[in-house]
Amino acid sequence: MSLDPILKWTGSKRKLAPVIQRAYDCAPAKGYVEPFAGAACVFGYRYGLDLDPQKVEVVLGDDNARLMAFYRLVRGQAADMISELATLPSGVGWKRFYPIYRAELNTWKPGPIDVATPSKAALFLWLNRASFNGLYRVNAAGDMNAPAGSYETLSLPPKSLILDWQKALQPVALVTGGYADTARTAGKGWQVYMDPPYLNNYDGYTPQTWSFQEQVRVAMAASEAVQRGCHVIASNAADSRLSAVWHGLGFRVRAEQVRHSISASAEGRKMASEVLFIGGEQRRGR
């Protein structure tokens, strides 16, 4: 059974996930890695379809320490977080609490292997659902500064979905760290999905900046994984320079049309061109 995400996240691949899943129609994976986990939409969609963490090793990684500490808490103490979440406001008037809770979250500075407390995990989830379109944006100090959304009431994930994610994450390795190191955990026969901040559309959800050269380094890390025998799929905004980089490294470039929802205006939510970069396919029967 596929799982809907429990987090909203800028650049979410919820709508593109079925396309990515079909692009992995190849020999069964020996392992699966997402170095840019975010809302883990692709893992969630593939869970129970063609990806079973009980049978193959799965690694989800991100350099957002709060995000990964949140997932570790969900994996171990989801029921406690659900209880804490129930104490937070979600009806009319919730917005007056937003700056207070955001300031409280910014006092939390987890390390790379830390697990959130149930109250901090609930706060992280509440702010994620309360911010503008799930935007998680930070300043240079790593403090969240995303504005509140304009919702009359908050839509929080159902208890059953959170508990389903707890089950799904039980055998999953949750890693805080850079994409290159996380990608290197994949060996021959593994599948890798790389979803970096999109070119010219970075929304500041980590303190680091994302230049074109950083995009090139992502492509190089993906190419190294292919050379190790991995099947790699990456996604990004359509851009001729970027496509030329990936094509030059031997990746197939495939265009897709996806509707974006981060913009406040209807015009900003129109269909946009994205591309998949596909390399190292291992077709069935080989």
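Refer to the structure presented above.
Cut-offs and rules
- Residues numbered from 1 in each chain as written.
- Predicted model: local features only at pLDDT ≥ 70, side-chain atom pairs only at ≥ 80, totals over all residues.
- Heavy atoms only, no water.
- Helix = DSSP H or I, 4+ residues; strand = E, 2+ residues; numbered from the N terminus.
- Buried < 20%, exposed > 50% of the residue type's maximum accessible area, 1.4 Å probe, protein only.
- Contact = heavy atoms within 4.5 Å.
- Areas by Shrake-Rupley, 256 points an atom, 1.4 Å probe, with all protein chains shown as cover.
- Polar contact = N/O pair within 3.5 Å; in protein donor to acceptor, adjacent residues only side chain to side chain.
- Core = buried A, V, L, I, M, F, W, Y, C linked by side-chain atoms within 4.5 Å.
- Arc of directions from axis to C-beta.
- Phe/Tyr/Trp six-rings, centres within 6.5 Å; stacked < 30°, edge-to-face > 60°.
- Expected span 1.5 Å × (residues − 1).
- Bend = angle between axes of the 7 residues up to and from the residue.
- Salt bridge = Lys/Arg side-chain N within 4 Å of Asp/Glu carboxyl O.

A.B. asks: What am I meant to see in the overall build of the protein chain here?
C.D. replies: Of regular secondary structure, the protein chain possesses nine helices and seven strands. Buried positions account for 53% of the 286 residues belonging to the protein chain. A separation of at least 24 residues holds for 79% of the contacts in the protein chain among residues at least 6 apart in sequence. When the accessible surface of the protein chain is summed, it comes to about 12,600 Å², and 52% of that surface belongs to carbon and sulfur atoms.

A.B. asks: Whenever I open this one, the side chain of Glu256 confuses me. Can you help?
C.D. replies: Tracing the chain through its elements places Glu256 in strand E6 (residues 252-259). Residue classification places Glu256 among the buried positions, given a relative accessible area of 17%. A polar side-chain atom of Glu256 sits 3.0 Å from a polar atom in the side chain of Arg254.

A.B. asks: Help me understand the nonpolar core in this model?
C.D. replies: Inside soluble globular proteins, nonpolar side chains tend to come together where they are buried. Leu7, Phe43, Phe70 and Trp126 are the most contacted members of the largest nonpolar core, which has 65 residues in total. If you list the elements that add at least two residues to this core, you get helix H1 (17-23), helix H2 (41-46), strand E2 (57-62), helix H3 (65-85), helix H4 (98-105), helix H5 (118-130), helix H6 (159-169) and strand E7 (271-279). Here this core gets eleven residues from one element, more than from any other, and that element is H3. Within the second largest apolar cluster, 25 residues are counted, among which are Val192, Leu199, Trp210 and Ala221.

A.B. asks: Can you walk me through helix H9 (residues 240-248) in this structure?
C.D. replies: Since the α-helix packs 3.6 residues into each turn, any two residues three or four apart lie on the same face. Among the residues of H9, those classed as buried are Leu242, Ser243 and Trp246. Seen from one end, H9 has its buried residues packed into an arc of 100°, which puts them on one side. Residues of H9 that are exposed and point over 90 degrees away from its buried face: Ser240, Ala244, His247 and Gly248. By the N-cap criterion, in which a side-chain oxygen at the helix start approaches the backbone nitrogen of a residue two or three places on, H9 is capped by Asp239, the distance to Arg241 being 3.0 Å.

A.B. asks: Honestly, the packing of aromatic side chains in this entry has me stumped. Any pointers?
C.D. replies: The relation between two aromatic rings is expressed through the spacing of the ring centres and the mutual angle of the planes. Applying the stated criterion across every chain yields a total of 16 aromatic pairs. A centroid spacing of 6.4 Å and a plane angle of 85° characterise the contact between Tyr24 and Tyr32, whose relative ring orientation is edge-to-face. Note on Tyr24: relative accessible area 2%, which makes it buried. What makes Tyr32 buried here is its relative accessible area of 0%. Ring centres of Phe43 and Trp165 lie 6.0 Å apart, and the angle between their planes is 55°; on these two criteria the pair is classed as tilted.

A.B. asks: I'm lost on H3 in this one. Help?
C.D. replies: Taking 1.5 Å of rise per residue, the 21 residues of H3 would be expected to cover 30 Å, yet its terminal C-alpha atoms sit only 20 Å apart, more than 12% below that figure. Of all the bends in H3, the greatest, near 105°, is centred on Gln77. Between the side-chain oxygen at the start of H3 and the backbone nitrogen of Arg66 there is a gap of 3.1 Å, and the oxygen is on Asn64.

A.B. asks: What is the right way to read the pattern of salt bridges from this model?
C.D. replies: According to the stated counting rule, one finds eight salt bridges in the structure shown. Lys13 is the salt-bridge partner of Asp195, the closest N and O atoms lying 3.1 Å from each other. On the criterion of sequence distance, the pair formed by Asp195 in the loop between strand E4 (190-194) and helix H8 (212-227) and Lys13 in the segment before H1 is long-range, its members being 182 residues apart. Each member of the pair Asp195 and Lys13 is classed as buried.

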